[in-house]
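Coordinates in review
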Amino acid sequence: MNSQKAVIVTGAGGNLGSAVVRELASAGAKLVCMNRSSQELEALAVDLPASTEFLSIAGTDLTDYASCAAAVARAVKRFGGVGALVNTVGGFQMGPVGPDAPAQWDTMMTANARTALTISAAVLPTMKASGYGRIVHVAAAPGLKAGANQAAYAASKAAVIRLTEALAAECRDDRITANCILPGTIDTPENRAAMPNAKTDGWVSPQSIARLIAFLISPAAAVVTGAAIPATGRE
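What this report covers is the structure whose coordinates are included nearby. (Residues numbered from 1 in each chain as written. Predicted model: local features only at pLDDT ≥ 70, side-chain atom pairs only at ≥ 80, totals over all residues. Heavy atoms only, no water.)

Considerations on the sheet that holds strand 1 (residues 6-10)
- The strand order across the open sheet built from seven strands is 3-2-1-4-5-6-7, with neighbouring strands paired in parallel fashion. Strands with a single pairing partner mark the edges of an open sheet, and in this sheet they are strand 3 (54-58) and strand 7 (228-231). Mean inter-strand twist for the sheet, computed between neighbouring axes without regard to direction, equals 20°.
- Relative to strand 3, strand 2 (residues 30-35) is paired through five bridges, and the arrangement is parallel. For C33, the partnering residue across the bridge sits in strand 3 and is S56.
- Along the sheet face, helix 2 (residues 38-47) touches strand 2 and strand 3 and points at about 165° away from the line of strand 3.
- Against the sheet, helix 7 (residues 206-216) engages strand 4 (82-87), strand 5 (133-138), strand 6 (176-183) and strand 7, with an angle of about 165° to strand 6. (Pairing = 2+ DSSP bridges. Helix = DSSP H or I, 4+ residues; strand = E, 2+ residues; numbered from the N terminus. Axes fitted to C-alpha atoms, helices over the stretch in contact; angles between N-to-C directions. Contact = heavy atoms within 4.5 Å.)

Right, dumping it as structure tokens:
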């Protein structure tokens, strides 16, 4: 990563977000941790190395451009710029195409696609001004091919993939890359509780995805842009 600028991590208090924060903190990154709950951010801060430069921002409305722009402005004021955005925020719902589908469609498009679009739009001005940036979103395999009961979820993740491709094309000459991850089932306490009989030995750890993200936001990954990268391999 560009150590001179901060990395914004949205959903920093979640399972994947916190793994990303810990991975980047271990490498000495300057971190801007955005999360709905301030309590989760406080707990996360305690776990980080004492030397970590860390700004907590709680309660930002990721569907609202002005709210996102205000958060980015706080990051720029604190650290002088934003070198990377790692957006782990999203939602998951399943259901058939039936009477409840339109409401579920709106919910998924807001939680997954609009949030990704809005926070991306908010960080681009400072990245373009410096001629450097890395954007990573978390999509999902159903964004490439949906299964039954996945219409709204899959469409919203497909929108994230298409957004990533558009960002990559628009920002290439500004030396800003945009990529997204397609994780397998992430090994979290919530997923284990929801699927108690599942075989978990092939699930993907948040830490392994965090390491992939750390590479994608590093200078070494400058040539990787516009990609939807599966993260489904065995560790």
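Points about the packing of helix 1 (residues 15-26) against helix 7
- At a closest axis distance of 8 Å, the pairing of helix 1 and helix 7 adopts a crossing angle of 55°. As judged from the angle between their axes, helix 1 and helix 7 are oblique. Note that helix 1 runs across helix 7; the crossing there is right-handed. Taken together, the residues of helix 7 that come into contact with helix 1 (itself represented by N15, L16, A19, V20, E23 and L24) are P206, Q207, I209, A210, R211, I213 and A214.
- Across the contact of helix 1 with helix 7, the residue classes break down as nine nonpolar, two polar and two charged. (Parallel < 35°, antiparallel > 145°, perpendicular 65-115°, else oblique. Left-handed = near helix turned anticlockwise from the far one by under 90°. Nonpolar A, V, L, I, M, F, W, Y, C, P; charged D, E, K, R; others polar.)

A closer look at helix 1
- The terminal C-alpha atoms of helix 1, which comprises 12 residues, lie 17 Å apart, in line with the 16 Å expected from a rise of 1.5 Å per residue.
- Among all positions in helix 1, only L16, G17, S18, A19, V20, V21, L24 and A25 are buried.
- The inward-facing, buried residues of helix 1 contact strand 1, strand 2, helix 2, strand 4, strand 5 and helix 7.
- Looking one or two residues beyond helix 1, the residue adopting positive phi is G28, at roughly 85°. (Expected span 1.5 Å × (residues − 1). Buried < 20%, exposed > 50% of the residue type's maximum accessible area, 1.4 Å probe, protein only.)

Concerning the environment of A75
- Here A75 shows up in helix 3 (residues 65-79).
- For the pair formed by A75 and I209, sequence separation is 134 residues and the distance between their alpha carbons is 24 Å.
- If we ignore the near neighbours within four places in the chain, the residues touching A75 are I8, V32, L55, G80 and V82.

Quick word on the environment of A139
- By secondary structure assignment, the location of A139 is in the loop between strand 5 and helix 5 (151-171).
- Using a relative accessible area of 3% as the deciding quantity, one classes A139 as buried.
- Along the backbone, A139 and K199 are 60 residues apart, and their C-alpha atoms lie at a distance of 23 Å.

Structural notes on helix 3
- Helix length check: helix 3 (15 residues) gives 21 Å between terminal C-alpha atoms against 21 Å at 1.5 Å per residue, within 8%.
- Every buried residue of helix 3 is listed here: C68, A71, V72, A75 and F79. Mapping the buried residues of helix 3 onto a view down its axis gives an arc of 95°, with all of them on the same face. Residues of helix 3 that are exposed and angled more than 90 degrees away from the buried face: A66 and K77.
- The N-capping residue of helix 3, defined by a side-chain oxygen 3.4 Å from the backbone nitrogen of A66, is D64.
- Where helix 3 ends, the next residue or the one after it, G80, has phi of about 90°, a positive value. (Arc of directions from axis to C-beta. Polar contact = N/O pair within 3.5 Å; in protein donor to acceptor, adjacent residues only side chain to side chain.)

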